[in-house]
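Chains, contacts and geometry: an overview
Chain by chain, the residues run as shown.
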Amino acid sequence: MKSLEVDKHVNFLVKAATTRGFEWEMTEYLRMSGIYWSLTALDLLGQLDKLPREEMIAYVFSCLHENGGFSPAPNHYPTIIYTLSAIQVLVILKALDQLGEKKEKVIEFVKSLQNTDGSFIGSPDDDEEETDTRFSFCAVATLKLLNSLNAIDLDKTVQHIKACQNFDGAFGVRVGSESHAGQVFCCVGTLALLEKLDIVDQELLGWWLADRQLPCGGLNGRPMKKEDVCYSWWALSSLVMIKKSAWIDHKKLAEFILSAADEEMGGIADRPGDIPDPFHTLFGIAGLSLLQYNNNLELDISSSKENVKLKPIDPVLCLPSYLLHEK
Ligand SMILES: [Zn+2]
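Criteria and cut-off values
Residues numbered from 1 in each chain as written. Predicted model: local features only at pLDDT ≥ 70, side-chain atom pairs only at ≥ 80, totals over all residues. Heavy atoms only, no water. UniProt positions renumbered as here; feature names shortened; annotations may be inferred. Helix = DSSP H or I, 4+ residues; strand = E, 2+ residues; numbered from the N terminus. Patch = residues over 30% accessible without salt bridge, like charges linked within 9 Å, V, L, I, M, F, W, Y side chains within 5 Å. Areas by Shrake-Rupley, 256 points an atom, 1.4 Å probe, with all protein chains shown as cover. Salt bridge = Lys/Arg side-chain N within 4 Å of Asp/Glu carboxyl O. Lys, Arg positive; Asp, Glu negative; His and termini not counted. Charge placed at Lys NZ, Arg CZ, Asp CG, Glu CD. Buried < 20%, exposed > 50% of the residue type's maximum accessible area, 1.4 Å probe, protein only. Contact = heavy atoms within 4.5 Å. Donors = N, O, S within 2.8 Å, 3.2 Å for Na, K, Ca; no water. Tetrahedral: all angles 85-135°; square planar, octahedral: opposite > 155°, others 65-115°.

Per an unreviewed UniProt entry, the protein carries the name Geranylgeranyl transferase type-2 subunit beta and comes from Oikopleura dioica. Comment text from UniProt for the protein, heading Function (unreviewed entry), reads "Catalyzes the transfer of a geranylgeranyl moiety from geranylgeranyl diphosphate to both cysteines of proteins with the C-terminal sequence -XXCC, -XCXC and -CCXX."

Here's what the structure looks like:
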């Protein structure tokens, strides 16, 4: 088993967040989430201070719009996805109170996205007005972090999620859409935050999720697809939420995640041999944290210079757990 090369991953994450150039320009449309991925991964590795705190906070506020929503970068329109990322960043940096009276604006923004059937659109600026269970999760998670869950119609939110459950026990983007592990995370996460997991057939869902593990140890997002490190988060955290994570092989999954790391420049890719990125680096490390890497797994870390111990992570809000307990 390979070891987790902490120093290399830290270098990779800091470089990705601070190097200005072509790649930086090309990823502007998702920058707020990029900052969240890098900061969370660094915090799990115990190296949060590697990025400039004040600069990060100023960036978040430069993306706050008049209507209370956050955009990925200042010249883009706000969406619920980047609003959740922005709030998560403020939680990690312990700067949530800097929102001040703008907190009410953010709550109003989230509220404005809910439809009468309980579903959510992603942004008032999106002409398509498409709904997505991802938006439901982002809305509920944002309000949870702001201690304002009651701002939306919670019963209708739950009813809509329930309507998205398929005959195989898993969930899709909308009512009747194909089951997908990413949407399972969003739907199960929404229900977990609202303490309504009892409305789900957890046995059936557990089987569908456990079926995602392939012989290589990695998990895929739906049947017949290739393994991908990010499902080490979406599928595994869902299994943790319904208390069925023992239904997959932890050691094989940890081995798969570690095998997708870039040995030279650090960072984790979607699968071995591919180019690493901050998204898969976070979800790989977050997956290892859920597996309690080097805690009770008895993974071989003999080749590691120091004793690596990742901080525990919250399986629903994907933030280091200590931040949520302090609140
Ligand atoms: Zn992926």
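Observations concerning unusual backbone geometry
Backbone geometry at Glu-195 places phi at a positive 55°, although glycine is not the residue there. Within the secondary structure, Glu-195 is located in the loop between helix H9 (181-193) and helix H10 (202-210). Here the phi dihedral of Lys-243 falls at roughly 60°; this positive angle occurs in a residue that is not glycine. Tracing the backbone shows Lys-243 in the loop between helix H11 (231-241) and helix H12 (250-259).

As for a negative patch on the surface
A cluster of acidic residues, Asp-125, Asp-127, Glu-128 and Glu-129, forms a negative patch on the protein surface. On the basis of relative accessible area, Glu-129 is assigned to the exposed category, the value being 54%.

Description of the pattern of salt bridges
Scanning the entire structure with this criterion turns up nine salt bridges. The salt bridge partner of Arg-134 is Asp-132, with a shortest N-O separation of 3.8 Å. Classification of Arg-134 by relative accessible area gives partly exposed; the value is 37%. Overall, Asp-132 belongs to the buried group, its relative accessible area being 10%. Of the charged contacts, one joins Asp-274 and Arg-271 as a salt bridge, the two residues approaching to 3.9 Å between their closest N and O atoms. For Asp-274, a relative accessible area of 35% puts it in the partly exposed group. Looking at Arg-271, the relative accessible area reads 18%, which means it is buried. Each of Asp-270, Arg-271 and Asp-274 takes part in a single network of salt bridges with overlapping partners.

Thoughts on the environment of Gly-182
Tracing the backbone through its elements, the reader meets Gly-182 in helix H9. Residue class for Gly-182 comes out buried when judged on its relative accessible area of 12%. Each C-alpha atom, one on Gly-182 and one on Asp-153, is 24 Å from the other, the two residues being 29 residues apart in sequence. The residues contacting Gly-182, other than those within four sequence positions of it, are Tyr-231 and Trp-234.

Here's the deal with the coordination of the zinc ion
Binding of the zinc ion to the protein goes through Asp-228 (OD), Asp-228 (OD), Cys-230 (SG) and His-280 (NE2), at separations of 2.2 to 2.5 Å. Note that the zinc ion binds four donor atoms; their angles at the metal cover 55 to 116°, and the shape is irregular. Here the donor residues of the zinc ion share one chain and are spaced in sequence as D-x1-C-x49-H. With Cys-230 in the loop between H10 and H11 and His-280 in helix H13 (residues 278-290), the pair connects residues that are 50 residues apart, well separated along the chain. This pair shows no difference in class: Cys-230 is buried, exactly as His-280 is.

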